[in-house]
Amino acid sequence: MPDKSNLKSAACSRGCSDTTETKQHSHKEVITVGFAGQPNTGKSTIFNRITGLKQHVGNWPGKTVEQKTGLTSYKDVTYRCVDLPGTYSLSANSLEERIARDFILKEKPDVIVVVADASQLERTLYMVAEAIPLSVPIVVALNMMDVAELRETKINAKMLEKAIGATVVPLVASKGKGITELLEVIYQISQQKKAVAPKPASGYIFDAKEQDLLSKIKENINDSTPEGYPAEWIALKLLEEDEEVTQIMQQKMATDNWQETEKLLKEAGDGKLIVADGRYKWIAKIMASTVTKLGLEASLQKRNRFDKIATHPIGGYLVAAAIVLLSLIITAVIAFPLAMVVMGYVPVLVELALTLPGEMPTWLSGVIAYGLIPGVGMGLAMFFMVIAISLVLGFLEDIGYMARLGYLFDSFMQRIGLHGKAFMPLFMSMGCNVAGIVGGRVMDSWRQRMLLLIMASIIPCTALIPITGFFVILFFDAGTGFLIVLALLAATILHLIVTARVFGATALKGEATGLIMELPPYHRPNWRTIGAFVIGKGKEFLHRAVTLIAVASMIIWLLSYFPGGGIEGSYLASFGKTFEPIGQLMGMDWRLLVCWMTAGIAKETALAAMAVIYGIMPGAGTSITGMLVDVMAGRTGDGAALGLHVLEAVSPASALAFIFAVFFSIPCIAAVGVVYSETRSLKWTFGIASYYTLMSIIAGVIAYNIGLLVFG
Amino acid sequence: MLLKALDYIATKKMATTASLADRLGLSEEMVKQLLMELARGGYLDLVEKESSPNSCDSCARKCADLKKSIDKGHISVWILTAKGKRAIGKLS
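Quick caveat: nothing in here was measured; it's all calculated off a predicted structure.

K.L.:
I would appreciate a short explanation of the overall build of chain A in the present structure.
P.N.:
Helix and strand counts for chain A come out as 32 helices and 11 strands. Counting only residues that meet the buried cut, chain A has 59% of its 712 residues in that class. For chain A, the exposed area adds up to about 29900 Å²; of that, 61% sits on carbon and sulfur atoms.

What follows is the structure, encoded as structure tokens:
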């Protein structure tokens, strides 16, 4: 805190920003001090500490921007303190920046305190670099030293002082530490006891090439420099293409000189970039010589070592494949035994539903026994799969790995020529295709947007992952299942390439651009966050299981029962048999074909359809629920492969075709609805839905034929 | 430094702030500063929250887990703009 004997906060209740009023103050002289700095550097805290709570708050003359002024005294000197608007720079990009810059240039304060955040010095030194050529005495208030210390950032203030060429005062303004020292420095500068004049900007900040350019510009403008404006600053602003300064100088300078200057500026290229580049080189040098980030550097080094592998064009995919394998193993180990327990109750409940009702019509007991119970049972068995996969995904997301996966995926998308702006929507598609489709609004043109819309739905969403996993585990053993998952990922990549080529040949031409991504830091898993994520996912799925899946199961059963009271002559059979020729291409009979078709509503619906259609087949030996129960009860003979039992109903080649066809089918009815709401075009909606259906059939046909070769 | 950063982004097509920091011999914090500066100048386009315009809200699934991570500011992406490309062209 400031020394109370020397410091008196003397803010005037009527507002003492006016010079006449300040001169009526009892002290001998009034020193004007401006406080400049970026937002959130603690500038106002310092200002409040120095001036006390009673400040004059008004507006800057002719502007709607708030102006705060206050008076204070220290060692018999009165200081008029002015809190300048918080700005990122002292250019004239905004009203606030113009006010801050005009105050320094026109009001010529005796001292400017540039407030810097010690914990983010690289960010806040930019303003110091800008303030130096303004030729006003500068003090750098290095605030938030405590935060810097917490982050294990060590700053050598003395070295920093030498490097900048201005006095540096370390502070913790929130605790009042360093305020008196700051006032002492301001006092000494005002009494001209402390040499503070910064070294000339061009010789100090910029390299020889830029210095030469600035000297040439200065030579041209020297005689025409407006009063009070430093030539150094004018030269920099001309190079930065500052509109206001350019206009002033064009009027002030002789035509020949102006033309010569214009020529120099044109030859220089992008002046804004040159000047900013010079300032950042200067900041980087200062940072390297005066700041040590112990904790951060160490953790970044560790992280970067792993990221070099995790984001490597080849190594990254190997890491991702290993993680996928591990996820599958974890999922199978956790989820499958629990799913089996639930499935074990399904036949018991079916029996109960058939025997208890007594007078209930056959169709009603049938819809409950063979529609509702197997459908919800299958949904509940699937629930454990969702929980296990959510646990893995939540863990990967929480430790920061998912962003690396997104990076890998999108580096591939960049390679096939997709515009950089597509990154975020496609990344979001990994969570939910609907989010990706809506996120496509960021694309600049209609064609790009349409292409993104098509691509977004190819990305496997988090809902598809557990369902695919469930089918894979249902039909195949773990080793084959892993190979199928890899094949699905490879097919997705191929699908994306084909789609980009088919639809993007003209829309994307020459538009691939550079993109840089900040990957989140890795951190220890927060089990509370992961738990909340898993519970959220579980709740969401349970809700769907008891609503969508239950309703779908009952409708499918009713369609499979009426009009004849048996599946063979049912509406469902008629419908399925109509499209059977398409199914035959994929090795699917009408039953499996109907299951595939229902996946277009929502992937989970295929589960319900499977439970109903195969569940009502005569004999436990051929019903999937019955098979699962058999396996659970150890009645499997070799007990190893569930796939062997499923073969009785669905051949492995057909199962493979089914998995591929479901994986690449329409994501869900909600996605199709959003395609319509985004395009407002039935033609596009129908076209896109047809494209997915066609690609789904192609995938099914190819998978079936490969399946025949592999499994016979 | 800024030019090198622009050039690196244009050449690599897809990069991370960590790899750029390695290339320029700077801290990642400093690199982020450069990128923000380039974005302020219009040489890069920062795609962050504006690219997720409550898209999850319109979805029936309400599974906003990914949106949450984006909203937390976990992922920032800077894209080279036409102005950025022109600047590289002018200065190379």
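K.L.:
Got a minute to help me understand the pairing of strand β7 (residues 138-143) of chain A in this structure?
P.N.:
The two faces of a sheet get side chains in turn, since along a regular strand they alternate between them. Residue and element names in this part refer to chain A. Within β7, 6 of the 6 residues are buried, which leaves the element mostly enclosed by the surrounding structure. Of the two faces of β7, the one holding Ile 138, Val 140 and Leu 142 and the one holding Val 139, Ala 141 and Asn 143 are both buried throughout. Judged from the 6 bridges that link them, strand β6 (residues 111-117) and β7 form a sheet pairing that is parallel. By the bridge assignment for β7, Val 114 is matched with Val 140. Handedness of the crossover joining β6 and β7 through helix α4 (residues 121-131) is recorded here as right-handed. Alignment of β7 against strand β9 (residues 167-170), held across 4 bridges, turns out to be parallel. Looking across to β9, one finds that Val 139 is bridged to Thr 167.

K.L.:
Looking at this structure, I do not really get the packing of aromatic side chains. What am I missing?
P.N.:
Where two aromatic rings form a pair, the distance of their centres and the angle of their planes describe that pair. Evaluated as defined, the whole model comprises 11 aromatic pairs over all chains. Each ring, one from A:Phe35 and one from A:Phe47, has its centre 6.0 Å from the other, and the planes form 80 degrees; the classification is edge-to-face. Within this pair, whereas A:Phe35 is found in strand β2 (residues 30-37), its partner A:Phe47 is found in helix α2 (residues 43-51), the two being separated by 12 residues in sequence. On the basis of relative accessibility, which here comes to 0%, the residue A:Phe35 falls in the buried class. Geometrically, the ring pair formed by A:Tyr229 and A:Trp233 is tilted, given 5.9 Å between the ring centres and 45 degrees between the ring planes. Of the residues examined, A:Tyr229 reaches a relative accessible area of 16% and is grouped as buried. Judged by relative accessible area, A:Trp233 falls into the buried class, the value being 3%. Three or more aromatic residues link up through ring pairs in this structure, and these residues are A:Phe660, A:Phe663 and A:Phe664. Between B:Lys83 and the ring centre of B:Tyr43, over which it is positioned, the NZ or CZ distance is 4.7 Å.

K.L.:
I tried to follow helix α3 (residues 95-107) of chain A on my own but got confused; where do I start?
P.N.:
Given 3.6 residues per turn, any residue in an α-helix points the same way as the ones three and four places further on. All names here are of chain A. For α3, built from 13 residues, the straight-helix expectation of 18 Å at 1.5 Å per residue is met to within 8% by its first-to-last C-alpha distance of 17 Å. Buried residues of α3: Glu 97, Ile 99, Ala 100, Arg 101, Asp 102, Phe 103, Ile 104 and Leu 105, and no others. The inward-facing, buried residues of α3 abut β2, β5 (77-83), β6, α10 (231-239) and α11 (243-252). Trailing α3 by a residue or two, Lys 108 shows a phi angle of about 45 degrees, which is positive.

K.L.:
Help me out: how do you make sense of the pattern of salt bridges in this one?
P.N.:
Two side chains that carry opposite charge are able to pair once their charged atoms sit near each other. Residue and element names in this part refer to chain A. According to the stated counting rule, one finds 17 salt bridges over all chains in the structure shown. As a salt-bridge pair, Glu 107 and Arg 80 come within 3.7 Å of each other at their nearest N and O atoms. One end of the pair, Glu 107, is in helix α3; the other, Arg 80, is in strand β5, and 27 residues separate them in sequence. Of the residues examined, Arg 80 reaches a relative accessible area of 9% and is grouped as buried.

K.L.:
It is not clear to me how the nonpolar core should be interpreted in this structure. Could you clarify?
P.N.:
Within the largest apolar cluster, 86 residues are counted, with the highest numbers of intra-cluster contacts made by A:Leu121, A:Ile164, A:Ile217, A:Leu238, A:Leu239 and B:Leu6. In this view, A:Leu239 contacts A:Leu213, A:Leu214, A:Ile217, A:Leu265, A:Ala268, A:Gly271, A:Lys272, A:Ile274 and A:Val275; residues no more than four positions away in its chain are not counted. Ranked by size, the runner-up nonpolar core spans 71 residues in total, among them A:Val386, A:Ala655, A:Leu656 and A:Phe664.

K.L.:
What is the right way to read the confidence of the model for chain A from this model?
P.N.:
Atom-level detail of predicted coordinates should not be read off regions where pLDDT is low. Residues and elements named next belong to chain A. Predicted confidence across chain A gives a mean pLDDT of 76, with 80% of residues reaching 70 or more. Predicted confidence in chain A is weakest over helix α1 (residues 19-23), with a mean pLDDT of 39, and strongest over helix α32 (residues 682-711), with 91. Note on residues 1-27: pLDDT is under 50 here. Beyond four places in sequence and across chains, it has 48 contacts.

K.L.:
What exactly am I supposed to notice about the side chain of A:Thr72 here?
P.N.:
Residue and element names in this part refer to chain A. Mapped onto the secondary structure, Thr 72 falls in strand β4 (residues 66-74). Residue classification places Thr 72 among the buried residues on the basis of a relative accessible area of 1%. A distance of 3.1 Å separates the side chain of Thr 72 from the backbone oxygen of Ile 50, its partner in a polar contact.

K.L.:
Explain the packing of helix α2 (residues 17-24) of chain B against helix α3 (residues 28-40) of chain B to me, please; I cannot follow it from the model alone.
P.N.:
When two helices pack together, their arrangement is given by the angle between the helix axes and the distance between those axes. Residue and element names in this part refer to chain B. Running from N to C, α2 and α3 point in directions that differ by 100 degrees, and their axes come no closer than 9 Å. Between α2 and α3, the crossing angle belongs to the class labelled roughly perpendicular. Where α2 abuts α3, its residues Thr 17, Ala 18, Leu 20, Ala 21 and Leu 24 lie against Glu 28, Val 31, Leu 34 and Leu 35. Residue composition of the contact of α2 with α3, grouped by class: 7 nonpolar, 1 polar and 1 charged.

K.L.:
Mind showing me how you'd approach the sheet that holds strand β1 (residues 14-16) of chain B here?
P.N.:
Pairing between sheet strands relies on hydrogen bonds along the backbone, with the strands arranged either parallel or antiparallel. In space, the 4 strands of this open sheet follow the order β1(B)-β11(A)-β3(B)-β2(B), with mixed pairing throughout. Because the sheet does not close on itself, it has two edges, and the strands there are β1 and β2 (44-47) of chain B. Adjacent strand axes in the sheet meet at a mean angle of 25 degrees, parallel and antiparallel pairs treated alike. Here strand β11 (residues 515-518) of chain A runs beside strand β3 (residues 76-80) of chain B; their pairing, made up of 4 bridges, is antiparallel. When the sheet's bridge partners are listed, A:Leu515 is paired in β3(B) with B:Ile79. Together, β11 of chain A together with β1 and β3 of chain B form the strand contacts of α2(B), whose direction differs from that of β1(B) by roughly 80 degrees.

K.L.:
Honestly, helix α24 (residues 571-578) of chain A in this entry has me stumped. Any pointers?
P.N.:
Along α24(A), the positions that sit buried rather than exposed are A:Leu572, A:Ala573 and A:Gly576. Angular distribution of buried residues about the axis of α24(A) spans 95 degrees; they occupy a single face of the element.

K.L.:
Would you explain the pairing of β2(A) in this entry?
P.N.:
Residue and element names in this part refer to chain A. Burial of β2 is extensive: 7 of the 8 residues sit out of reach of the surface. The pairing of β2 with β5 spans 6 bridges and is classified as parallel. Along β5, the bridge assignment pairs Ile 31 with Tyr 79. When β2 meets β6, the two strands line up parallel, connected through 5 bridges. Bridging across to β6, Phe 35 finds its partner in Val 113.

Scoring rules and cut-offs
Residues numbered from 1 in each chain as written. Chains lettered and ligands numbered in written order. Predicted model: local features only at pLDDT ≥ 70, side-chain atom pairs only at ≥ 80, totals over all residues. Heavy atoms only, no water. Helix = DSSP H or I, 4+ residues; strand = E, 2+ residues; numbered from the N terminus. Buried < 20%, exposed > 50% of the residue type's maximum accessible area, 1.4 Å probe, protein only. Areas by Shrake-Rupley, 256 points an atom, 1.4 Å probe, with all protein chains shown as cover. Pairing = 2+ DSSP bridges. Right-handed = clockwise from strand over helix to strand, strands pointing away. Phe/Tyr/Trp six-rings, centres within 6.5 Å; stacked < 30°, edge-to-face > 60°. Lys NZ or Arg CZ within 6 Å of the ring centre and 35° of its normal. Expected span 1.5 Å × (residues − 1). Contact = heavy atoms within 4.5 Å. Salt bridge = Lys/Arg side-chain N within 4 Å of Asp/Glu carboxyl O. Core = buried A, V, L, I, M, F, W, Y, C linked by side-chain atoms within 4.5 Å. pLDDT = per-residue confidence, 0-100. Polar contact = N/O pair within 3.5 Å; in protein donor to acceptor, adjacent residues only side chain to side chain. Axes fitted to C-alpha atoms, helices over the stretch in contact; angles between N-to-C directions. Parallel < 35°, antiparallel > 145°, perpendicular 65-115°, else oblique. Nonpolar A, V, L, I, M, F, W, Y, C, P; charged D, E, K, R; others polar. Arc of directions from axis to C-beta.

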